[in-house]
Amino acid sequence: MLAAIHSAAVLGIEAYDVTVEVDAAQGLPQWTIVGLPAGAVRESRERVGAALVNSGFVVPPKRFTINLAPADRRKEGTAFDLPIALGILVATGQLRADSVARIVAVGELGLDGTLRAMRGALPVSRRVAQLRDAPARTLVLPPANVAEASLVGATPLAAPASLRELVAALRRDELARAEPSPRAPASAREALDFADVVGQETAKRALEIAAAGGHNVVMVGPPGAGKTMLARRLPSILPALTESEALDVTAIHSVAGVLAPGDPRVVARPFRAPHHTISDAGLIGGGNPPRPGEVSLAHHGILFLDELLEFRRHVVESLRQPMEDGRVVIARAALAVAFPARFTLVGAMNPCPCGNAGDGAHACSCAAAEIAKYRARLSGPMRDRVDMHVPVGALALTALAAGGAGERSDDIRARVELARARQHARYAAGGETTVNAHVPARSLQSLGVLSTDARALLTSAAERLGLTARGYHRVLRVARTIADLDASRGVDIPHVAEALRYRTMGDSASSS
């Protein structure tokens, strides 16, 4: 007898339909799984066989052929355990075929038949909601994944605790709908505030601009100046995730298997700070099957590279494509997987090997050649992709002892949200609801309203500083953001002048 069970698989952060076909024929007892199964899928025959027997069902000595269609896509993970078990029950006459016709089944089985959590429940739930007959389909999945899958409210869910419980409900045609447990309100932000930062007004102003326009920024200064402290407070001035952004971020974290247990909602903008020993696969993504890297886990948030020049050069260079395209494509011999990676890069680096260049309190022991070699670890193309280079000088101990609260993050965030609202209104008519850092150059020039005097200043400065075309447009983007913070319709000379300072001051601080 032939059985067909609807299921789904995840590729990247998107799910696609899979039909699990099971044929039970006379012959020597054997299980054959076809359809490009990976190792975890091939091992399902042992898990499923034990789960069926331990749940009180009969596994007759037949020749089982299990096909995962479409057969030309490689299947990964353990989520096919449940549909394979149901297919065997239908193929052996222990379950009616019509009882499983309107369900989509995913989930790993324990040897005792319990349903265990899986990765990618949110993408699968989104896929089921997109089906033409979605209201008539019920997604059957493990109880541990209900809260995650329920973020897509249009998908009917069922979450039996075990295979035995599911089969009993299907036989009675009484599949109970699962509801997520009530969750306590989650705080979207950590208890980090810019009010804790003493001094460093230039750096705080630069980070406000970066938050308002989504600009990449590198802070240059001696150890202990507060670069890391400033970077870790940047999420506190970012606007909250929109519903669409939150679903995208949650889907990435679901596929990566890093969602918090019990409450899968990602409510705060990500802040990822990998160690400088990270590999290129860990940063960009990779593996078999391909998994999202740190750049994708930082999607719609912050990727902070502390001690930027200590990262291996080829690892930093691998950031070029995602910084330009907002996504990463991981190509393998049989497939190519795309992961979104629209992040804001924040780097922190010392001005020289000893860290004291430009620090009035401590003498620098590095030769000029050593400083030049050290700074060359960040290549010209990567430096060109950074919108703002910001010096962070050492704070005098007298100023630190005097203390005094700075401006609160809530007040800064209010200005950032207003600036982003202006960008939204400006670009929405052209279908480009985004921030200045990601707007195409043609839209920026047509909608940016650059005054004649400001254009002349920008052009002359670009020629004098030897800016590339990319550098020219990045200065213009920063100037547009500064104008948005000033509630100015046009970009004038003061906005361009401040943007140009951020383009050059990091280099001058490093060489001083």
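Quantities reported herein were computed from a predicted structural model and do not represent experimental measurements. Residue indices begin from 1 for each chain and proceed along its sequence in written order. The predicted nature of this model means local features are confined to residues of pLDDT at least 70 and side-chain atom pairs, given and counted, to a pLDDT of 80 or more, with totals for whole chains, interfaces and linings taken over all residues. Side-chain calculation: all heavy atoms of the structure are included, whereas hydrogens and water are not.

A. Local environment of the pattern of salt bridges. Any carboxyl oxygen of Asp or Glu within 4 Å of a side-chain nitrogen of Lys or Arg constitutes a salt bridge here. Evaluated as defined, the whole model comprises 29 salt bridges. A salt bridge links Arg126 to Asp248; the shortest N-O distance between them is 3.4 Å. Linking Arg126 in helix H4 (residues 121-130) with Asp248 in helix H9 (residues 243-256), this pair joins segments that are 122 residues apart in sequence. Arg137 is paired through a salt bridge with Asp133; the nearest N and O atoms lie 3.2 Å apart. Accessible area is worked out with a 1.4 Å probe on protein chains only. A residue is then buried under 20% of its type maximum, exposed over 50%, and partly exposed in between. Classification of Arg137 as buried rests on a relative accessible area of 11%. Connected through salt bridges with shared partners, the residues Glu324, Asp384, Arg385, Asp387, Arg470, Arg474 and Arg503 form a single ionic network. Each helix corresponds to a stretch of at least 4 residues labelled H or I by DSSP, and each strand to a stretch of at least 2 residues labelled E; elements are numbered beginning at the N terminus.

B. Spotlight on the packing of helix H19 (residues 452-465) against helix H20 (residues 469-485). The N-to-C vectors of H19 and H20 enclose an angle of 145 degrees; their axes lie 11 Å apart at closest approach. Between H19 and H20 the crossing geometry is right-handed. Side by side, H19 and H20 meet where Arg455, Leu458, Thr459 and Ala462 of the first sit next to Tyr472, Val475 and Leu476 of the second. Its residues assigned to classes, the contact of H19 with H20 shows 5 nonpolar, 1 polar and 1 charged. In this description, a line fitted to the C-alpha atoms serves as the axis of each element, helices being fitted only across the stretch in contact, and the angle between N-to-C directions of two axes falls anywhere from 0 to 180 degrees. Should the near helix be turned anticlockwise from the far one by less than a right angle, the crossing is left-handed, and should it be turned clockwise, the crossing is right-handed. Only heavy atoms matter for contacts: two residues are in contact if any of them lie within 4.5 Å across the pair. The residue classification treats Ala, Val, Leu, Ile, Met, Phe, Trp, Tyr, Cys and Pro as nonpolar and Asp, Glu, Lys and Arg as charged. All others, Gly included, are polar.

C. Local environment of the sheet that holds strand E17 (residues 344-349). Pairing in this open sheet of 5 strands is parallel, and the strands run E11-E14-E17-E10-E18 from one edge to the other. In the strand order of this sheet, the two ends are held by strand E11 (271-272) and strand E18 (388-391), each with one partner. When strand E14 (residues 302-305) meets E17, the two strands line up parallel, connected through 4 bridges. Bridge pairing in E17 links Leu305 to Gly347. Strands in contact with helix H7 (residues 201-213) are strand E10 (217-220) and E18; relative to E18, the strand with the most contacts, it is inclined by about 160 degrees. We treat two strands as partners when DSSP finds at least two bridges between them.

D. Structural context of the packing of H7 against H20. Close contact between H7 and H20 brings their axes to 9 Å; oriented N to C, the two are set at 95 degrees. Taken together, the axis directions place H7 and H20 in an arrangement best described as roughly perpendicular. Where H7 approaches H20, its residues Arg205, Glu208, Ile209, Ala212 and Gly213 are matched on the opposing element by Val478, Thr481, Ile482 and Leu485. In the contact of H7 with H20, the residues fall into 5 nonpolar, 2 polar and 2 charged. Convention used here: angles under 35 degrees read as roughly parallel, angles over 145 as roughly antiparallel, angles from 65 to 115 as roughly perpendicular, and any remaining angle as oblique.

E. Fine view of the confidence of the model for the protein chain. Scored by pLDDT, the protein chain has a mean of 90; 93% of the residues are at 70 or more. Averaged pLDDT values over the elements of the protein chain bottom out at 66 in helix H16 (residues 397-402) and peak at 98 in E14. pLDDT is defined as a per-residue confidence score from the predictor, taking values between 0 and 100.

F. Looking closely at H20. Multiplying 1.5 Å by the helix residue count minus one yields the expected span of that helix. Here H20 spans 25 Å end to end across 17 residues, near enough to the 24 Å set by a 1.5 Å rise per residue. In terms of burial, H20 is largely enclosed, as 15 of its 17 residues are buried. Following H20 by one or two positions, Ala487 has its phi on the positive side, about 60 degrees.

G. Region of interest: the environment of Leu207. Considering the arrangement of structural elements, one finds Leu207 in helix H7. Under the relative-accessibility criterion, Leu207 is labelled buried at 1%. Expressed as a C-alpha distance, the spacing of Leu207 and Gly87, which sit 120 residues apart in the sequence, is 56 Å. Those residues in contact with Leu207 that lie beyond four places of it in its chain are Phe194, Val217, Met219, Leu230, Leu234 and Ile237.

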